[in-house]
Amino acid sequence: MYQDVSIMDVFTQFDPELWFGVIVAIAVFVLELVLYTKGIIFSKGDKRLQAAKDAGRMVIAKRVRCRYKDNAPDHKTINRRYCAQYEYTLNGKTKTKQIVTTGCEPPYTTTLYYDKGGKKVFSSYDVAGSPFELVIYIIPIVVAYYVLLAIGYEF
């Protein structure tokens, strides 16, 4: 009923070209992770935040309103998305900024950062992640596919 399969059988079952493509995909993924952890790719928000801190372009904002939505409709787990409205004064004008967090209630006061002109205000919650970081998972697969095509592997 069950066959004994050794690891060598698994490796020899597929063509060497396919394993070469897998190795290329892993190498590209590792390269992307190294570049990501060193801050070379996908670090625009962090660099912008650090530049604002270094230049002293910061303002303290106070929370004026906070609401939440339960993401788990069965109410068995606490999975909330908080939406807080903060009020701050910049260049003599009072403005508001909305910050969305998940899991825990946002603080009563937070530090907001702004660009040179003061038109764009952002917080540390805004630069936490980017949907473009999914590219890290897609690029190795695409590269491996084209490498396999280039060396003549037929699908």
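In case you missed it, the structure is sitting above this.
Note that residues are indexed from 1 along each chain, following the sequence as it is written. Note on the predicted model: pLDDT of at least 70 is required for a residue's local features to be given, and 80 or more for side-chain atom pairs to be given and counted; whole-chain, interface and lining totals, by contrast, use all residues. No hydrogens and no water enter the side-chain calculation; it runs on all heavy atoms of the structure.

Remarks on the overall build of the protein chain
Right, on to step 1. A run of H or I in DSSP becomes a helix once it reaches four residues, and a run of E becomes a strand once it reaches two; helices and strands are each numbered from the N terminus. If you tally the helices and strands in the protein chain, you get four helices and five strands.
Right, on to step 2. From first element to last, N terminus to C terminus, the protein chain shows the α and β order α-α-α-β-β-β-β-β-α.
Right, on to step 3. Exposure classes here rest on a 1.4 Å probe applied to the protein chains alone. A residue is buried below 20% of its type maximum, exposed above 50%, and partly exposed in between. Per-residue burial over the protein chain gives 26% buried out of 155 residues.
Right, on to step 4. Across the protein chain, the fraction of contacts at a sequence separation of at least 24, relative to all contacts at a separation of at least 6, is 50%.
Right, on to step 5. In short, Shrake-Rupley with a 1.4 Å probe defines the accessible areas, and a residue's cover is counted only from the protein chains shown. Accessible surface computed for the protein chain: about 11,500 Å², of which carbon and sulfur atoms make up 59%. Pairs of residues are marked as contacts when any of their non-hydrogen atoms sit within 4.5 Å.

Concerning the pairing of strand β3 (residues 93–102)
Right, on to step 1. Note that strand β2 (residues 80–90) and β3 share ten bridges and pair antiparallel. Paired with Leu 90 across the strands is Lys 93, a residue of β3. One requirement defines pairing of two strands: DSSP has to find at least two bridges between them.

Section: helix α2 (residues 16–37)
Owing to its 3.6 residues per turn, the α-helix brings residues three or four apart onto one side.
Right, on to step 1. Every helix has an expected span of 1.5 Å times one less than the residues it contains. Taking 1.5 Å per residue, 22 residues should reach 32 Å; α2 reaches 32 Å between its end C-alpha atoms and fits that length.
Right, on to step 2. Buried within α2 are the following residues: Gly 21, Val 24, Ala 25, Val 28 and Glu 32. The arc that holds the buried residues of α2, viewed along the axis, is 100°, so those residues lie on one side. More than 90 degrees from the buried face of α2, the exposed residues found are Pro 16, Ile 23, Ile 26 and Thr 37.
Right, on to step 3. Contacts from the buried residues of α2 go to α4 (135–150). The arc in question is the one spanned by the directions pointing from the helix axis to the C-beta atoms.

Details of the packing of aromatic side chains
Right, on to step 1. Pairing of aromatic rings covers Phe, Tyr and the six-membered ring of Trp, with a centre-to-centre limit of 6.5 Å; geometry is then stacked below 30 degrees between planes, edge-to-face above 60, and tilted otherwise. In total, this model carries four aromatic pairs according to the counting rule given.
Right, on to step 2. Look at NZ for Lys and CZ for Arg. If either is within 6 Å of the ring centre and within 35 degrees of the ring normal, a charge sits over the ring. Looking at Arg 48, its charged tip hangs above the ring of Phe 122, at a distance of 3.9 Å from the centre.

By themselves, these are just geometric observations and shouldn't be taken as functional.
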